[in-house]
Amino acid sequence: MSSLLRFTTTLAVSLVAVAGPAAAQTPAQTAATGVWTAVGNSGEVDSAHQSLYQTNGTGSVQIKSGSTGKIVLRYNASGIPRVFRKAYDPADDGPDPRIQLMARLRDTGAGARVVVRLRALNLDTGALSTLAAIDSDTMYASVGQPEYVNEYALLNVDSDFQFDYWHFAYYVEAELWKTSSTANPGLMGVRICNPAGACQEGI
């Protein structure tokens with residue numbers, strides 16, 4: 001066999017070996033990368049609320065001890081890949097294929113409240129919509145809990161929804177309310193989950 005023929009054969013085998021695993025990748029495997037996360041203290045705080053804002057070593061945020069009021073934080077939710085998923089079937093026992101918003105929050109009871117929303121800003125019209133919302137005052141697990149818990153909400157979108165960064169900007173908006181000096185609302189982190197099973201608990 002000539003040197004040129006041996007080189008060509010070796011190159012062809014190498015390309016097949018490299019291309020093989022990628023070609024075999026399934027939509028579910030691709031979708032597993034479609035998870036966006038942010039720790040609480042990475043959000044932008046409204047300038048009017050800076051004096052109430054306090055962070056902790058875990059990355060969580062809260063309203064300063066002894067103070068009352070509200071703080072608003074916003075997290076830029078960009079870079080979520082295209083979502084591959086099957087149609088939702090309530091009779092299917094497998095992972096829920098719908099996209100979810102998750103927040104790890106603390107609501108100590110009376111005088112405390114945490115609201116987390118996924119918002120979509122239409123860059124053509126300026127219209128603002130809410131795709132999902134979590135309110136600690138209406139969630140069974142978080143009301144009156146002194147420790148952090150995870151809360152979940154499904155996106156209120158059509159079954160064929162895809163994140164469209166050409167026409168929309170997406171962000172998570174969080175509000176921490178403290179109307180009693182003894183209350184202690186907090187937010188540790190937020191996540192937007194693809195339907196690959198990363199955020200199934202609680203749904």
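Our subject is the structure listed above.
A brief structural summary. (Residues numbered from 1 in each chain as written. Predicted model: local features only at pLDDT ≥ 70, side-chain atom pairs only at ≥ 80, totals over all residues. Heavy atoms only, no water.)

Remarks on the environment of leucine 187
Here's step 1: When you line up the elements, leucine 187 lands in strand E11 (residues 186–193).
Here's step 2: With 83 residues separating them along the chain, leucine 187 and arginine 104 place their C-alpha atoms 6.1 Å apart.
Here's step 3: Those residues in contact with leucine 187 that sit more than four places away from it in its chain are Gly40, Gly59, Ser60, Val61, Tyr75, Ala103, Arg104, Leu105, Val116, Tyr148, Ala174 and Leu176. (Helix = DSSP H or I, 4+ residues; strand = E, 2+ residues; numbered from the N terminus. Contact = heavy atoms within 4.5 Å.)

Quick notes on the environment of alanine 174
Here's step 1: Take alanine 174: it is sitting in strand E10 (residues 168–178).
Here's step 2: For alanine 174, a relative accessible area of 0% puts it in the buried group.
Here's step 3: Every residue in contact with alanine 174, bar those within four places of it in the chain, is listed here: Ile71, Val72, Leu73, Tyr75, Val115, Val116 and Leu187. (Buried < 20%, exposed > 50% of the residue type's maximum accessible area, 1.4 Å probe, protein only.)

What to know about the environment of leucine 176
Here's step 1: By secondary structure assignment, the location of leucine 176 is in strand E10.
Here's step 2: In this structure leucine 176 comes out as buried when scored by relative accessible area, which is 0%.
Here's step 3: Placed 105 residues apart in sequence, leucine 176 and isoleucine 71 show a C-alpha to C-alpha distance of 5.4 Å.

Details of the side chain of serine 142
Here's step 1: Assignment of secondary structure puts serine 142 in the loop between strand E8 (128–135) and strand E9 (145–154).
Here's step 2: Only 3.2 Å separates the side chain of serine 142 from the backbone oxygen of serine 136, close enough to count as a polar contact. (Polar contact = N/O pair within 3.5 Å; in protein donor to acceptor, adjacent residues only side chain to side chain.)

Structural notes on the sheet that holds strand E5 (residues 69–76)
Here's step 1: Taken in spatial order, the 5 strands of this open sheet run E2-E5-E10-E7-E8, and their pairing is antiparallel. The open sheet has two edge strands with one neighbour each: strand E2 (44–45) and E8. (Pairing = 2+ DSSP bridges.)

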